[in-house]
Amino acid sequence: MSRNAESTAFRSALEVIRGVEPRVADAIGAELADQRESLKLIASENYASPATLLAMGNWLSDKYAEGTVGRRFYAGCQNVDTVEALAAEHARELFGAAHAYAQPHSGIDANLVAFWAILADRVEAPALRRAQARHVNDLTEADWFTLRRELGDQRMLGMSLDAGGHLTHGFRPNISGKMFDQRSYGTDPATGLVDYDRVAEAAREFRPLVLVAGYSAYPRKVNFRIMREIADSVGATFMVDMAHFAGLVAGRVFTGDFDPVPHAHIVTTTTHKSLRGPRGGLVLCGPELADQVDRGCPMVLGGPLPHVMAAKAVALAEARRPDFADYARRIVDNAQALAEGLLRRGASLVTGGTDNHLVLIDVTGYGLTGRQAEQALLDSGIVTNRNAVPQDPNGAWYTSGIRIGTPALTTRGLGTAEMDTTAELMHTVLSQTSAAANPDGTASKAKYALDPALADKVGRQAGELLAGFPLYPGVQLG
Ligand code: PLP
């Protein structure tokens with residue numbers, strides 16, 4: 001698409017929206033301005049292409065399409081069939097998977113689809129078969145009660161939250177924590193790395209139905225071949241949630257033992273993080289689980305979002321191009337340059353570095369909590385998020401860590417030299433911020449002191465750094 005066409009498309013869209021609710025048009029324009037100005041280091045965010053964004057804003061959104069391609073509960077789904085089939089085809093080809101289900105609205109939804117598919121596959125539950133034979137709305141309270149009793153307490157073994165695991169891997173704040181009796185494996189306290197012998201030991205003791213690998217805040221590779229061997233040794237289904245690193249799998253940075261697709265029974269992902277697509281989810285599996293996975297809607301998903309599936313098809317087509325492999329490699333080069341820049345300046349990093357797209361800084365070395373560090377960085381134009389570190393003394397709210405990632409800045413075109421400058425800016429802010437006390441003199445985990453002139457100066461320097469790498473250069477709104 002020519003740059004002119006991009007400007008015309010977005011300008012026209014905003015003009016139409018402004019005619020109805022100008023405040024929405026303003027907010028959309030303001031969001032682009034904010035994104036252009038901030039040094040975005042949130043590991044789970046990215047910038048989708050103009051084609052991906054535009055594929056979402058259209059009349060495909062108007063269709064109901066419960067069911068699967070060619071087998072819908074609604075008439076007139078031929079165009080939805082086309083985009084869903086394309087999204088699934090691109091996903092299968094990109095990841096080398098036998099089956100792809102493109103309907104999940106998000107990563108959490110993709111995991112729910114996978115969990116129900118595994119339960120249906122593994123647990124003898126006639127009530128579940130009966131439930132699947134009917135529409136979910138037709139089930140009575142008694143049906144659900146029988147279903148819960150038959151499913152019983154199934155077990156899930158996943159990575160602990162403070163080691164970088166995700167809430168949906170059997171933790172209480174998510175429904176998976178109510179569906180499964182969960183136990184977690186942590187990381188080696190000395191190295192911060194997954195200790196496969198300990199995982200195997202936990203699996204032998206706990207005998208889970210599902211072994212989950214995948215993470216939100218673990219800065220290293222996971223050996224999925226070894227994890228599959230562990231799962232097989234106890235008869236568990238092996239599931240990988242590659243939400244964070246799907247872009248590195250797509251770009252062939254993670255291959256062999258580190259590519260989850262050939263090793264896992266089922267793989268879930270988001271499409272909007274390192275994969276750089278629209279907000280959404282995806283499930284990949286072999287033929288054995290395909291039928292169960294395809295029952296995701298209406299079992300646990302609302303009606304599919306055809307406009308988002310169209311955008312998934314566009315983004316996945318982009319990820320199949322050769323330049324995506326180059327992008328994925330640069331994500332990791334940049335994360336490693338950022339890690340090295342921080343280490344050289346004295347920062348302490350969980351596991352001492354990274355081999356993926358993210359870096360976890362232990363900010364207690366700067367005398368700060370994650371919350372204080374996050375705010376001080378934000379004051380200085382650097383957007384990050386606080387995150388627990390293994391055995392975090394400050395808990396999940398204040399935390400002791402800052403998680404940073406490079407997918408977004410790499411999309412923007414920043415390279416390893418700019419990562420060193422970013423490390424310098426971050427270190428300047430963190431080393432010049434101090435923890436402040438509460439009015440009664442007790443230590444606060446939230447209050448901090450940072451000279452506003454310094455925050456402004458760093459903010460300006462961040463702006464100068466970004467000026468060389470315009471975001472959505474083809475889009476001029478005004
Ligand atoms: N799985 C992992 C590993 C994640 O990191 C996340 C999001 O942070 C999710 C699942 C949930 O994704 P979503 O927010 O799209 O539901």
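Cut-offs and rules
Residues numbered from 1 in each chain as written. Predicted model: local features only at pLDDT ≥ 70, side-chain atom pairs only at ≥ 80, totals over all residues. Heavy atoms only, no water. Pairing = 2+ DSSP bridges. Helix = DSSP H or I, 4+ residues; strand = E, 2+ residues; numbered from the N terminus. Contact = heavy atoms within 4.5 Å. Axes fitted to C-alpha atoms, helices over the stretch in contact; angles between N-to-C directions. Buried < 20%, exposed > 50% of the residue type's maximum accessible area, 1.4 Å probe, protein only. Near = heavy atom within 4 Å. Nonpolar A, V, L, I, M, F, W, Y, C, P; charged D, E, K, R; others polar. Polar contact = N/O pair within 3.5 Å; in protein donor to acceptor, adjacent residues only side chain to side chain. Domains from an automatic or database assignment. Buried area = accessible area lost by both parts, 1.4 Å probe. Salt bridge = Lys/Arg side-chain N within 4 Å of Asp/Glu carboxyl O. Phe/Tyr/Trp six-rings, centres within 6.5 Å; stacked < 30°, edge-to-face > 60°. Lys NZ or Arg CZ within 6 Å of the ring centre and 35° of its normal. Arc of directions from axis to C-beta.

Trainee: So what exactly am I meant to see when it comes to the pairing of strand 17 (residues 443–449) here?
Mentor: For a regular strand, the rule is simple: side chains alternate between the two faces of the sheet. Judged from the three bridges that link them, strand 16 (residues 434–437) and strand 17 form a sheet pairing that is antiparallel. The residue of strand 17 that forms the bridge with Ser434 is Ala449. In this antiparallel pair of consecutive strands, strand 16 and strand 17, the connection spans five residues, and Gly441 shows a positive phi of 90°.

Trainee: How do you make sense of the sheet that holds strand 11 (residues 348–349) when you look at a structure like this?
Mentor: The strands that make up a sheet pair up through hydrogen bonds in the backbone, lying either parallel or antiparallel. In spatial order, the strands read 11-12-15-14; together these four strands make up an open sheet with antiparallel pairing. Here the strands that pair on one side only, and so sit at the sheet edges, are strand 11 and strand 14 (385–387). As paired elements, strand 11 and strand 12 (residues 358–362) share two bridges and run antiparallel to each other. Bridging across to strand 12, Leu349 finds its partner in Ile361. Strands in contact with helix 15 (residues 322–344) are strand 11, strand 12 and strand 15 (401–405); relative to strand 12, the strand with the most contacts, it is inclined by about 20°.

Trainee: Got a minute to help me understand unusual backbone geometry in this structure?
Mentor: Leaving glycine aside, a negative phi is the common case for residues, and trans is the common case for peptide bonds. Pro298 follows Cys297 through a cis peptide bond whose omega is 15°. Looking at the element boundaries, Pro298 is found in helix 13 (residues 296–299). At Arg207, a position not held by glycine, the phi torsion is positive, near 50°. Mapped onto the fold, Arg207 is located in the loop between helix 9 (196–206) and strand 7 (210–214). Note on Arg207: relative accessible area 47%, which makes it partly exposed. A positive phi angle, near 60°, is found at Arg252, a position not held by glycine.

Trainee: Mind showing me how you'd approach the site of the ligand here?
Mentor: The immediate surroundings of the ligand are formed by Ser106, Gly107, Ile108, His166, Tyr215, Ser216, Asp241, Ala243, His244, Thr270, His272 and Lys273. A class-by-class count of the residues in the shell around the ligand yields three nonpolar, seven polar and two charged.

Trainee: I tried to follow the pairing of strand 5 (residues 154–159) on my own but got confused; where do I start?
Mentor: Counted residue by residue, strand 5 has five buried out of six residues, so it is predominantly covered. Two elements, strand 5 and strand 6 (residues 180–185), share six bridges in a ladder whose sense is parallel. Its bridge partner lying in strand 6, Met156 is registered against Gln182. As defined by bridge partners, strand 5 adjoins strand 7 across two bridges and the pair is classed as parallel. Residue Leu157 lies in a different strand from strand 7, and its bridge partner there is Leu211.

Trainee: What exactly am I supposed to notice about the side chain of Thr270 here?
Mentor: One can find Thr270 in strand 9 (residues 266–270). Among the residues examined, Thr270 registers a relative accessible area of 4% and is labelled buried. Here Ala243 takes part through its backbone oxygen, which lies 3.2 Å from a polar atom of the side chain of Thr270.

Trainee: Can you walk me through the domain arrangement of the chain in this structure?
Mentor: Often, the extent of an interface is quoted as the loss of accessible area upon association of its parts. Domain boundaries assigned for the chain yield domain 1 (61–319) and domain 2 (323–467). The C-alpha centroid of domain 2 is placed 31 Å from the C-alpha centroid of domain 1. Opposite the 27 residues of domain 1 that make contact, domain 2 presents 27 residues. For the pair domain 1 and domain 2, the summed buried surface comes to about 2100 Å²; carbon and sulfur atoms form 58% of the total. Viewed at the interface, domain 2 and domain 1 are joined by one salt bridge. Taken together, the elements giving at least two residues each to the side of domain 1 that touches domain 2 come down to helix 11 (246–250) and helix 14 (306–319). No other element matches helix 11, which puts three residues into the side of domain 1 that touches domain 2.

Trainee: Can you help me understand the environment of Leu41 in this one?
Mentor: In this structure, Leu41 sits in the loop between strand 1 (39–40) and helix 3 (50–56). Judged by its relative accessible area of 0%, Leu41 is buried. With residues near it in sequence (within four places) discarded, Leu41 still touches Leu338, Ile382, Val383, Thr384, Arg403, Ile404, Gly405, Leu409, Thr422 and Met426.

Trainee: Could you clarify how one ought to interpret the packing of aromatic side chains in this entry?
Mentor: Any aromatic ring pair is given by two values, namely how distant the centres are and how the planes are angled relative to each other. One pass over the structure, following the stated rule, counts eight aromatic pairs. Residues Tyr47 and Tyr472 carry aromatic rings whose centres are separated by 6.3 Å and whose planes lie at 85° to one another, so their mutual orientation is edge-to-face. With a gap of 425 residues between them, Tyr47 in the loop between strand 1 and helix 3 and Tyr472 in the segment after helix 20 (452–467) connect regions that are remote in the sequence. Measuring from ring centre to ring centre gives 5.7 Å for Tyr215 and Tyr218, while their planes differ by 65°; the resulting arrangement is edge-to-face. Using a relative accessible area of 3% as the deciding quantity, one classes Tyr215 as buried. Chaining the aromatic ring pairs together yields one cluster made of Tyr215, Tyr218, Phe224, Phe245 and Phe254. Positioned above the aromatic ring of Phe206, the side-chain terminus of Arg155 is 5.2 Å from the ring centre. Note that Arg276 overlies the ring of Tyr327, its terminal NZ or CZ placed 4.0 Å from the centroid.

Trainee: Can you help me understand helix 7 (residues 141–151) in this one?
Mentor: Working note: α-helix, 3.6 residues per turn, so residues spaced by three or four point in the same direction. Taken together, the buried positions of helix 7 are occupied by Asp143, Thr146, Leu147 and Leu151. Along the long axis of helix 7, the arc covered by the buried residues comes to 125°, so they all point the same way. Facing away from the buried side of helix 7, by more than 90 degrees, are the exposed residues Glu141, Ala142, Phe145, Arg148 and Arg149. Just past helix 7, the residue Gly152 takes up positive phi, approximately 65°.

Trainee: Looking at this structure, I do not really get the sheet that holds strand 4 (residues 99–101). What am I missing?
Mentor: Strands sit in the order 4-10-9-8-7-5-6 across an open sheet of seven strands; the sheet is mixed. The open sheet has two edge strands with one neighbour each: strand 4 and strand 6. Neighbour-to-neighbour, the strand axes of the sheet open up by a mean angle of 20°, direction not taken into account. In the sheet, strand 4 pairs with strand 10 (residues 281–285) via three bridges, with the strands oriented antiparallel. Considered in strand 10, the bridge of Ala100 is made with Leu284.

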